[in-house]
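Architecture and fold: a report
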Amino acid sequence: MNAASRRLFQICTASVLVAALPLQAQDLNVYRGTQVAPQVERVYERGLQYLVKTQADDGSFPGNYGREPATAALSMLAMFAHGDDPNYGPYAKSIKRCLDYLLKNTDSSTGYIGSSMYNHGFSTLALAEAYGAVQDERIGPALKKAVELILTSQEKNRFKAWRYSPDSKDADSTVSGACFVALIAARNAGLRVPDGAIEGALKFYTDCQQPGTGSIGYTPGSGANGTATTAIGVAVYAYARKKDQPTFIKALSSLKKSDDENGGGYPFYGEYYASQALFQGDVKAWETWNEKRVQKLADTQNEDGSWDASLGGPLSTAFGLLSIALSYRYLPIYER
């Protein structure tokens, strides 16, 4: 599918989905199919080509975290976000490999994906975004079990949130962000997610908020932890459609005041959430942020299309692409 056809496909998709969504759906002035700047397209295409070329036949990737299911999940999301047909488009083969890798790393009895709730959360999000878009009958049952595991893990947790293990009794705002966004995506895809699960997780983020600054900490009472955790808190409340709540308002204000350009010490990961938080909270602020972000990625992109960071080339590249993916307005989870 060429660029013109893809853009027409995006616009037509937007028309169908906007008609089906409730009144709080995305503003019609910020819609899928918005014209994307040539620089964004160049940067994005080069990054996708890097992911395709480095992916192994089994769907994994090389380097740090390359064999973690989350890397395949986020790479698949980056491909979805570009707007090509996931079944027949230029990235369909790579998407299938990613999906196969996620499913091969899923415990058939429990639904647990990988060996941490980080992996499980991001992988569940990818399955939810693939559900109904990718022609594969395995997705529905795997997604259902993955969501059930997130919910049962939350029920056992005294904070009603998540940490590294499904049986963890403590919680942190980063792992919880991955699991919470996965629940929202699954709910958007039509799966049952109880209101109590949403409310319990939101209370955890309120407990992590600093009374004075409005920033979100790593754990309740732990103090501020850079922009990454604050951005996660903003995104969580926005996706729950709770933008009128004090926690959201104060956290967004704190995020917008921050001059941290390095994700609070977590490059690529921090920007992944900052883009979503600003887009959901203040589109004008996001536009300014996004322009700078695209330029920074263009300036630092390697010859092979990747970016360097401690996360490793593939995972850093997937996060990097997703940090500017809102330029395309394509993934359902990004709806405002």
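Anyway, here's the lowdown on the structure attached to this text. (Residues numbered from 1 in each chain as written. Predicted model: local features only at pLDDT ≥ 70, side-chain atom pairs only at ≥ 80, totals over all residues. Heavy atoms only, no water.)

So, the packing of aromatic side chains
- In the structure shown here, the tally under the stated rule is 11 aromatic pairs.
- Seen from their ring centres, tyrosine 118 and tyrosine 164 are 6.2 Å apart, and the 45° between their planes marks the pair as tilted. Taken as a pair, tyrosine 118 in helix 5 (residues 117–130) and tyrosine 164 in the loop between helix 6 (139–156) and helix 7 (173–188) lie far apart in primary sequence, 46 residues in all.
- A relative accessible area of 25% places tyrosine 118 in the partly exposed class.
- On the accessibility criterion, tyrosine 164 (41% relative accessible area) is partly exposed.
- Where tyrosine 272 meets tyrosine 273, the ring centres are 4.8 Å apart and the plane angle is 70°; that geometry is what we call edge-to-face. In terms of burial, tyrosine 272 and tyrosine 273 fall into one category: buried. (Phe/Tyr/Trp six-rings, centres within 6.5 Å; stacked < 30°, edge-to-face > 60°. Helix = DSSP H or I, 4+ residues; strand = E, 2+ residues; numbered from the N terminus. Buried < 20%, exposed > 50% of the residue type's maximum accessible area, 1.4 Å probe, protein only.)

Quick word on the environment of threonine 247
- With respect to the element layout, threonine 247 can be found in helix 10 (residues 246–257).
- Accessibility expressed as a relative area gives 8% for threonine 247, which makes it buried.
- Between the C-alpha atom of threonine 247 and that of glutamine 210, which follows or precedes it by 37 residues, the distance is 9.8 Å.
- Sequence-distant contacts of threonine 247, defined by excluding residues within four places in its chain, comprise Tyr205, Thr206, Gln209, Ile216 and Tyr237.
- For threonine 247, the side chain forms a polar contact with the side chain of threonine 206, separated by 2.8 Å. (Contact = heavy atoms within 4.5 Å. Polar contact = N/O pair within 3.5 Å; in protein donor to acceptor, adjacent residues only side chain to side chain.)

Focus: unusual backbone geometry
- Residue tyrosine 65 is not a glycine yet carries a positive backbone phi of 65°.
- For tyrosine 65, the position within the fold is in the loop between helix 2 (38–54) and helix 3 (69–81).
- Owing to a relative accessible area of 46%, tyrosine 65 belongs among the partly exposed residues under this scheme.
- Of note in the backbone geometry, arginine 329 takes a positive phi value of approximately 55° without being a glycine.
- Looking at arginine 329, the relative accessible area reads 8%, which means it is buried.

Concerning helix 10
- With 12 residues, helix 10 should reach 16 Å at 1.5 Å per residue; the first-to-last C-alpha distance of 17 Å fits that figure.
- Looking at helix 10, one finds that the buried residues are Thr247, Phe248, Ala251, Leu252, Ser254 and Leu255. Projection of helix 10 onto a plane perpendicular to its axis shows the buried side chains occupying an angular sector of 160°, all on one side.
- Of the surrounding secondary structure, the elements contacted by the buried residues of helix 10 are helix 8 (195–208), helix 9 (226–239) and helix 11 (269–281). (Expected span 1.5 Å × (residues − 1). Arc of directions from axis to C-beta.)

As for the packing of helix 7 against helix 8
- Two elements in contact, helix 7 and helix 8, have axes whose closest approach is 11 Å; the angle formed by their N-to-C orientations is 150°. Classified by the interaxial angle, the pair formed by helix 7 and helix 8 is roughly antiparallel. As for how helix 7 packs across helix 8, the hand of that crossing is left-handed. When helix 7 is examined against helix 8, the residues Ser173, Ser176, Gly177, Phe180, Ile184 and Arg187 are found in contact with a partner set consisting of Asp195, Ile198, Ala201, Leu202, Phe204 and Tyr205. (Axes fitted to C-alpha atoms, helices over the stretch in contact; angles between N-to-C directions. Parallel < 35°, antiparallel > 145°, perpendicular 65-115°, else oblique. Left-handed = near helix turned anticlockwise from the far one by under 90°.)

Thoughts on the side chain of threonine 174
- Assignment of secondary structure puts threonine 174 in helix 7.
- A polar atom in the side chain of threonine 174 sits 2.6 Å from the side chain of tyrosine 118.
- Every residue in contact with threonine 174, bar those within four places of it in the chain, is listed here: Tyr118, Tyr218, Thr229, Ile232 and Tyr269.

Concerning the pattern of salt bridges
- Following the criterion strictly, the structure yields 15 salt bridges and no others.
- A salt bridge links aspartate 136 to arginine 138, with the nearest nitrogen and oxygen atoms 2.8 Å apart.
- With relative accessibility at 36%, the residue arginine 138 sits in the partly exposed group.
- Here the residues in one salt-bridge network are Lys96, Asp100, Asp136 and Arg138, joined through shared partners. (Salt bridge = Lys/Arg side-chain N within 4 Å of Asp/Glu carboxyl O.)

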